[in-house]
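Working through the structure, step by step
As a plain string of letters, each chain reads:
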Amino acid sequence: MATTIPYKIYLEENEMPKSWYNLRADMKNKPAPLLNPGTHQPMTAEELAPVFCEELVKQELDNDTAFIEIPEEIRSFYKMYRPSPLVRAYCLEEKLQTPAKIYYKFEGNNTSGSHKLNSAIAQAYYAKKQGLKGVTTETGAGQWGTALSMACSYFGLDCKVYMVKVSYEQKPFRREVMRVYGASVTPSPSETTNIGKKMLADFPGTNGSLGCAISEAVEVATSTEGYRYVLGSVLNQVLLHQSVIGLETKAAFDKYGIKPDMIIGCAGGGSNLGGLIAPFMGEKLRGEADYEIIAVEPRSCPSFTRGTYAYDFCDTGMVCPLAKMYTLGSGFMPAPNHAGGLRYHGMSSTLSQLYADGYMTARSVAQTDVFAAAEEFARVEGILPAPESSHAIKVAIDEAKKCRETGEEKTIVFGLTGTGYFDMYAYEQFHDGKMEDYIPSDEEIAASVAGLPQV
Ligand SMILES: *Cc1c(COP(=O)(O)O)cnc(C)c1O
């Protein structure tokens, strides 16, 4: 059967996934459990309940159920912006003169501009179902805060966002989008929490950090009646919700009998990558198929490629549970890289275990190379990519060029997680030749991981 693959492979509404896929069910070595920071014992559902919604705690701790039904209300919301297209990058292939077949799964077709809405709507749904008044969270670059504010307004929940101060000031338009959706946005560190006050006293003039904003959001959630904290990446539950990306990708490929050779995604906390690879990794874990899976991270924040696999704090205030992950240390201050969504010091514990067991590889790339790849992509494929997503583009292009040398007709798919309209300052720096490639020294990383908790 000679089929021509269309530019965009769409699924019909009735072909969209009805369940999320929980990768952990097929892992022989399960991800290490979250530990209580005081006792160093595995966190129980009771201990997690004051912080997270009940149903999400269940999902977080469930290492065994392979398929978890997506509630009807969430599926209805998904239908407003999903299925997302799986695009064949014909124009990029032509430009690169490569025999490789390149596909990308585009998650930027919604107002939040990223894949984060897939989990935001799920988390808001469970909060509403539990009868909560609202949720708190942190946001760095702003995509997660935007996605969550959209989800909360849909379900009529209050949404309190702690936004890393430097982003709050540099990305006023992101902040306003959140306010359109009714969220209250506070620059972090702030005077509204004890940890915020302490940070401001200890480091006057600080720009803030994701780790600190997390601590503030958790403090407010646990001290305000009817509120819980929600997180946009890293956690098992978030990877579970993001599996919708991979399930759709696989269903679209299956329609045309295509099996990718290589799957590439950018990795900040690991949620989009974990979601994209989920059903493929499942096949790999069960010994049914093999795929080359590559995580791409910034050279300025190289958790996988230069981090230590150990228990660490998830936040600066050290109030969150400990997670075992590839980490640069919770005190690591990444240089001002423009891919804000990739600046977290740690990595999903699920992906960390898979990486430790050799099921996937990782590469780090320099930011100027990333922006060059972003532009090369934008000029032929039309879409203006987010800096985060462009890490995956960079490696996809590198691999397609290798195929040009070897003549291999590999099928490559990468996650195009979002659009970059709010990142024009970064593009400006790149155009004006002012962008720097900051690479932390071995000493810097060693000093930071020296502060890891003794577990
Ligand atoms: C947040 C974000 C990322 C990184 O987060 P992960 O949890 O690693 O997926 C990547 N791309 C975009 C556009 C983002 O907003």
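In the block above lies the structure referred to throughout.
Thresholds applied
- Residues numbered from 1 in each chain as written.
- Predicted model: local features only at pLDDT ≥ 70, side-chain atom pairs only at ≥ 80, totals over all residues.
- Heavy atoms only, no water.
- Axes fitted to C-alpha atoms, helices over the stretch in contact; angles between N-to-C directions.
- Helix = DSSP H or I, 4+ residues; strand = E, 2+ residues; numbered from the N terminus.
- Parallel < 35°, antiparallel > 145°, perpendicular 65-115°, else oblique.
- Left-handed = near helix turned anticlockwise from the far one by under 90°.
- Contact = heavy atoms within 4.5 Å.
- Nonpolar A, V, L, I, M, F, W, Y, C, P; charged D, E, K, R; others polar.
- Expected span 1.5 Å × (residues − 1).
- Buried < 20%, exposed > 50% of the residue type's maximum accessible area, 1.4 Å probe, protein only.
- Salt bridge = Lys/Arg side-chain N within 4 Å of Asp/Glu carboxyl O.
- Near = heavy atom within 4 Å.
- Polar contact = N/O pair within 3.5 Å; in protein donor to acceptor, adjacent residues only side chain to side chain.
- Pairing = 2+ DSSP bridges.
- Core = buried A, V, L, I, M, F, W, Y, C linked by side-chain atoms within 4.5 Å.
- Bend = angle between axes of the 7 residues up to and from the residue.

1. Some words on the packing of helix H3 (residues 72–81) against helix H5 (residues 117–129)
- At their nearest, the axes of H3 and H5 sit 10 Å apart, and the two run at 150° to each other. Here H3 is positioned roughly antiparallel relative to H5, judged by the angle of their axes. Here H3 and H5 pass one another in a crossing that is right-handed. Taking contact as the criterion, the partners of Glu-73, Ile-74, Phe-77, Tyr-78 and Tyr-81 in H3 are, on H5, Leu-117, Asn-118, Ile-121, Ala-122, Tyr-125 and Tyr-126.
- Here the contact of H3 with H5 is built from residues that sort into nine nonpolar, one polar and one charged.

2. Brief notes about helix H10 (residues 210–223)
- Over its 14 residues, H10 extends 20 Å from the first C-alpha to the last, a length consistent with the 20 Å expected when each residue adds 1.5 Å.
- Here H10 lies mainly inside the structure; ten of its 14 residues are buried.
- The complete set of buried residues in H10 reads Gly-211, Cys-212, Ala-213, Ile-214, Ser-215, Glu-216, Ala-217, Val-218, Val-220 and Ala-221.
- Those residues of H10 hidden inside the fold are in contact with strand E6 (134–139), strand E7 (158–164), strand E8 (184–188), helix H9 (194–202) and strand E9 (227–229).

3. Points about the pattern of salt bridges
- Tallied over the entire structure, the rule returns 26 salt bridges.
- Across the salt bridge formed by Arg-179 and Glu-176, the nearest N and O atoms sit 3.2 Å from each other. Of the two residues, Arg-179 and Glu-176 both sit in helix H8 (residues 172–180), three residues apart, roughly one turn of that helix.
- Judged by its relative accessible area of 33%, Glu-176 is partly exposed.
- Arg-404 is paired through a salt bridge with Glu-405; the nearest N and O atoms lie 3.7 Å apart.
- What emerges from the salt-bridge pattern is a single network uniting Arg-82, Lys-105, Glu-107 and Glu-248.

4. Quick notes on the site of the ligand
- Around the ligand sit 18 residues, and of these Lys-116, Ser-233, Gly-268, Ser-271 and Asn-272 come closest.
- Contact between the ligand and Ser-271: an oxygen atom at 2.7 Å from a side-chain N or O atom of the residue.
- Asn-272 places a side-chain nitrogen or oxygen 2.7 Å from an oxygen atom of the ligand.
- Classifying every residue of the shell around the ligand by side-chain character gives four nonpolar, twelve polar and two charged.

5. Describing the sheet that holds strand E5 (residues 101–106)
- Strand order in the open sheet made by the seven strands is E1-E4-E5-E15-E10-E11-E14, with mixed pairing throughout. Of all strands in the sheet, those with a lone pairing partner are strand E1 (8–9) and strand E14 (361–365), marking the two edges.

6. Here we look at unusual backbone geometry
- Residue Pro-83 follows Arg-82 across a cis peptide bond; omega there is -10°.
- By the element assignment, Pro-83 lies in the loop between H3 and strand E4 (86–88).
- For the peptide bond that leads from Ser-188 to Pro-189, omega is 5°, which places it in the cis range.
- One non-glycine residue with positive phi stands out, namely His-40, at about 65°.
- Looking at the element boundaries, His-40 is found in the loop between strand E2 (19–21) and helix H1 (45–48).
- Not every positive phi belongs to a glycine, and Val-234 is a case in point at roughly 65°.
- Inspection of the secondary structure puts Val-234 in the loop between E9 and helix H11 (236–255).
- Judged by relative accessible area, which is 11%, Val-234 ranks as buried.

7. Describing the sheet that holds E9
- Reading across from one edge, E8-E7-E6-E9 is the order of the four strands in this open sheet, with parallel pairing throughout. Looking at strand neighbours, the two that pair on one side only are E8 and E9, the edges of this open sheet. Ignoring which end each strand starts from, the neighbouring axes of this sheet average 25° apart.
- Pairing analysis gives five bridges linking E7 to E8, with the strands arranged parallel. Along E8, the bridge assignment pairs Val-164 with Ser-188.
- Taken strand by strand, H10 contacts E6, E7, E8 and E9, and its axis lies near 170° from that of E6.

8. Structural notes on the nonpolar core
- Trp-20, Ile-74, Tyr-78, Phe-304 and Met-360 are the most contacted members of the largest nonpolar core, which has 74 residues in total.
- Ranked by residue count, the leading element in this core is H5, at eight residues.
- In this structure, Phe-304 is in contact with Ala-267, Ala-295, Glu-297, Tyr-326, Met-347, Leu-351, Ser-352, Tyr-355, Met-360 and Ala-362, ignoring residues within four places of it in sequence.
- Membership of the second largest hydrophobic core comes to 27 residues, among which are Ile-102, Tyr-104, Ile-393 and Val-395.

9. Concerning helix H12 (residues 271–285)
- Helix geometry: H12 is bent most strongly at Ala-278, by close to 60°, with proline Pro-279 lying one to four residues after it.
- Counting buried positions over the 15 residues of H12 gives 15, a clear majority of the element.
- Looking one or two residues beyond H12, the residue adopting positive phi is Gly-287, at roughly 75°.

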